[in-house]
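What the coordinates show
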Amino acid sequence: MIVSITSKLDEILEKAVQENPLSREDLLFLLKLSEKGDLEKVFEVARQLRTRYFEDKVFIYGFVYFSTYCRNECAFCLYRKSNQSLKRYRKTDLEIMETALSLVESGIHLLDLTMGEDPLYFDKLESGFEHLIRTVELIKKSTEIPIMISAGVVPEEVLREFKAAGVDWYATYQETHNPDLYHKLRLGQSYTERMERKKLAHKLGFLIEEGLLTGVGDTDEDLVNSLEEMGRLGADQLRVMSFVPQKDTPMYHYTSVSRHRELLIIAIMRLVYPDRLIPASLDVDGLSGLADRLDAGANVVTSIIPPHSGLAGVSNHALDIEDGNRSIIKIVPVLAGHGLVPASRDEYAEWVLKRKNRRIPLGGA
């Protein structure tokens, strides 16, 4: 049996090296791996494919979570509307600008502007976003930094205005592509509307990041379906994060899954989509978890957050922020220890431009 498993694994990994499509059966086989030696084989091939497309370069993203108010009731999220146990904040336009400029000066390659679906913006429909759009436009004009907007399912006209203001990326994670599970996670929210907004963003010329949350009741079949949906969406960046139970939420009683699950999914994403961007998020385990995610094939580090800025993270909302561990100066030694270096800003801008120029039509991989 051991020989059979080894033979099957080697066959699948050889297909990946040759960049031949992996079947559903192949992906389900990989997702069931648990032996350390088998996982190391998968990680090694993932790193090989990363090197093929990105050499030793890693991209670094700055993160500005500018509002923790939200109109939604996501069962997994600390910032769900009804959670009264936390102190929320909403940054002013000037605070957003100052933090953004600080991150740009530190050497990041992309600025990720993120918020919950803050009623202050959404309840006023299009007009509620006017100040934010102007702020984004000012940041873009003064820095020319690539910008990602992660502000939920924004109205269609607002999406078009963000594009006109110079935003390059749109991210609004589905978390799962199993509609039944989605409705247990994102209570009262439309699965179809969220997907359609990403498809519209793709048509408008945005680069798209799609994200998964694992450890929330997702099955291997669900994960394979998600990998296929990401291909049909034409996602340019693919992210997976482990679920971290949040106090005072309906899913607080859930048990955290082993991190090897997230690492294996990162590696499989690299095998299936070797030329895409795959983040190693600092939001789950902080700086201590970065090395393992890089070893699994990730080539983007998120989320750099400056200390003393009054900003929070997403999963472990305070982890490694005030002690400065989410800074470029702290991650560079980790990269170096794994034979990696930060890319130049020009190299990232070149990747973005090339990707925009070779957009994959919806429905293609």
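Residues numbered from 1 in each chain as written. Predicted model: local features only at pLDDT ≥ 70, side-chain atom pairs only at ≥ 80, totals over all residues. Heavy atoms only, no water.

Things to note about the pattern of salt bridges
Inspection of every chain in the model, using the stated rule, returns 33 salt bridges. Of the charged contacts, one joins arginine 80 and glutamate 73 as a salt bridge, the two residues approaching to 3.3 Å between their closest N and O atoms. Here aspartate 118 ties to arginine 90 by a salt bridge, and the two come within 2.7 Å at their closest N and O atoms. Of the two residues, aspartate 118 is situated in the loop between strand E2 (110-115) and helix H5 (119-122) and arginine 90 in the loop between strand E1 (57-67) and helix H4 (93-106); the sequence distance between them amounts to 28 residues. Relative accessible area serves as the criterion here: at 0%, aspartate 118 is assigned to the buried category. When salt bridges with common partners are traced through the structure, they connect Lys8, Lys15, Glu25 and Asp26 into a single cluster. (Salt bridge = Lys/Arg side-chain N within 4 Å of Asp/Glu carboxyl O. Helix = DSSP H or I, 4+ residues; strand = E, 2+ residues; numbered from the N terminus. Buried < 20%, exposed > 50% of the residue type's maximum accessible area, 1.4 Å probe, protein only.)

Quick look at the packing of aromatic side chains
Evaluated as defined, the whole model comprises 13 aromatic pairs. Seen from their ring centres, phenylalanine 66 and tyrosine 121 are 6.1 Å apart, and the 75 degrees between their planes marks the pair as edge-to-face. In this pair, phenylalanine 66 sits in strand E1 while tyrosine 121 sits in helix H5, placing the two residues 55 residues apart along the sequence. An aromatic cluster of at least three residues, connected via ring pairs, comprises Phe66, Tyr121, Phe122, Phe129 and Phe162. (Phe/Tyr/Trp six-rings, centres within 6.5 Å; stacked < 30°, edge-to-face > 60°.)

A short note on the environment of glycine 234
Considering the arrangement of structural elements, one finds glycine 234 in the loop between helix H10 (220-233) and strand E6 (237-242). What makes glycine 234 buried here is its relative accessible area of 1%. Distance from glycine 234 to glutamate 130, taken between C-alpha atoms, is 29 Å for residues 104 residues apart in sequence.

Regarding the pairing of strand E5 (residues 207-214)
Counting buried positions along E5 yields eight of eight residues, so the element is predominantly enclosed. The two faces of E5 match: Leu207, Glu209, Gly211 and Leu213 on one face and Ile208, Glu210, Leu212 and Thr214 on the other face are all buried. Here strand E4 (residues 169-171) pairs with E5 via three bridges, running parallel. By the bridge assignment, tyrosine 170 is partnered in E5 with isoleucine 208. Sheet analysis places E5 next to E6, joined by six bridges and oriented parallel. Following the sheet pairing, leucine 213 is matched in E6 by methionine 241. (Pairing = 2+ DSSP bridges.)

A word on empty space enclosed by the protein
Within this structure, the stated rule accounts for two cavities of 30 Å³ or more. Of the volumes computed, that of the largest cavity is approximately 700 Å³. Looking at the largest cavity, it is lined by 43 residues, and the ones nearest its centre are Thr114, Tyr173, Glu175, Arg186 and Val314. When contributions to the lining of the largest cavity are tallied by element, the ones reaching two or more residues are E1, E2, strand E3 (147-150), E5, E6, strand E7 (279-281) and strand E8 (300-304). When the residues that make up the lining of the largest cavity are grouped by side-chain class, the tally is 20 nonpolar, 14 polar and nine charged. (1 Å grid on protein atoms, 1.4 Å probe; cavity = no way out; pocket = protein on both sides within 12 Å on 5 of 7 lines; lining within 4 Å. Points joined across faces, edges and corners; volume = space filled by probe spheres on them. Nonpolar A, V, L, I, M, F, W, Y, C, P; charged D, E, K, R; others polar.)

Some points on helix H6 (residues 130-143)
Between the first and last C-alpha of H6 there are 20 Å, a value that for 14 residues agrees with the 20 Å anticipated at 1.5 Å per step. The set of residues buried in H6 consists of Leu132, Ile133, Thr135, Val136, Ile139, Lys140 and Thr143. Considered in projection along H6, the buried side chains sweep an arc of 160 degrees and stay on one side of the axis. Those residues of H6 that are exposed and aimed more than 90 degrees away from the buried face are His131, Leu138 and Lys141. At its buried positions, H6 is contacted by E1, H4, E2, H5, E3 and helix H7 (156-164). Just past H6, the residue glutamate 144 takes up positive phi, approximately 60 degrees. (Expected span 1.5 Å × (residues − 1). Arc of directions from axis to C-beta. Contact = heavy atoms within 4.5 Å.)

Topic: the pairing of E8
Counting buried residues along E8, five of its five residues qualify, which places the element largely inside the surrounding structure. Of the strand pairs in this sheet, E1 and E8 are connected by three bridges, and their pairing is parallel. Paired with glycine 62 across the bridge in E8 is isoleucine 304. Both E7 and E8 contribute to a ladder of three bridges, which runs parallel. The partner of alanine 280 across the bridge, within E8, is valine 301. Each parallel crossover has a hand, and the one from E7 via helix H12 (residues 290-295) to E8 is right-handed. (Right-handed = clockwise from strand over helix to strand, strands pointing away.)

What to know about the nonpolar core
In this structure, Leu30, Leu111, Phe129, Phe162 and Leu271 are the most contacted members of the largest nonpolar core, which totals 108 residues. Here the element with the most residues in this core is helix H11 (residues 259-272); it accounts for eight residues. Contact partners of phenylalanine 162, with chain neighbours within four places excluded, come to Phe129, Leu132, Ile133, Val136, Ile149, Val154, Val167 and Phe206. (Core = buried A, V, L, I, M, F, W, Y, C linked by side-chain atoms within 4.5 Å.)

Quick notes on the side chain of histidine 177
Within the secondary structure, histidine 177 is located in the loop between E4 and helix H8 (179-185). Taking relative accessible area as the criterion, histidine 177 reaches 7% and is therefore assigned buried. A polar side-chain atom of histidine 177 sits 2.8 Å from a polar atom in the side chain of serine 226. Setting aside its immediate chain neighbours within four residues, histidine 177 contacts Tyr191, Met195, Glu210, Leu212, Ser226 and Glu229. (Polar contact = N/O pair within 3.5 Å; in protein donor to acceptor, adjacent residues only side chain to side chain.)

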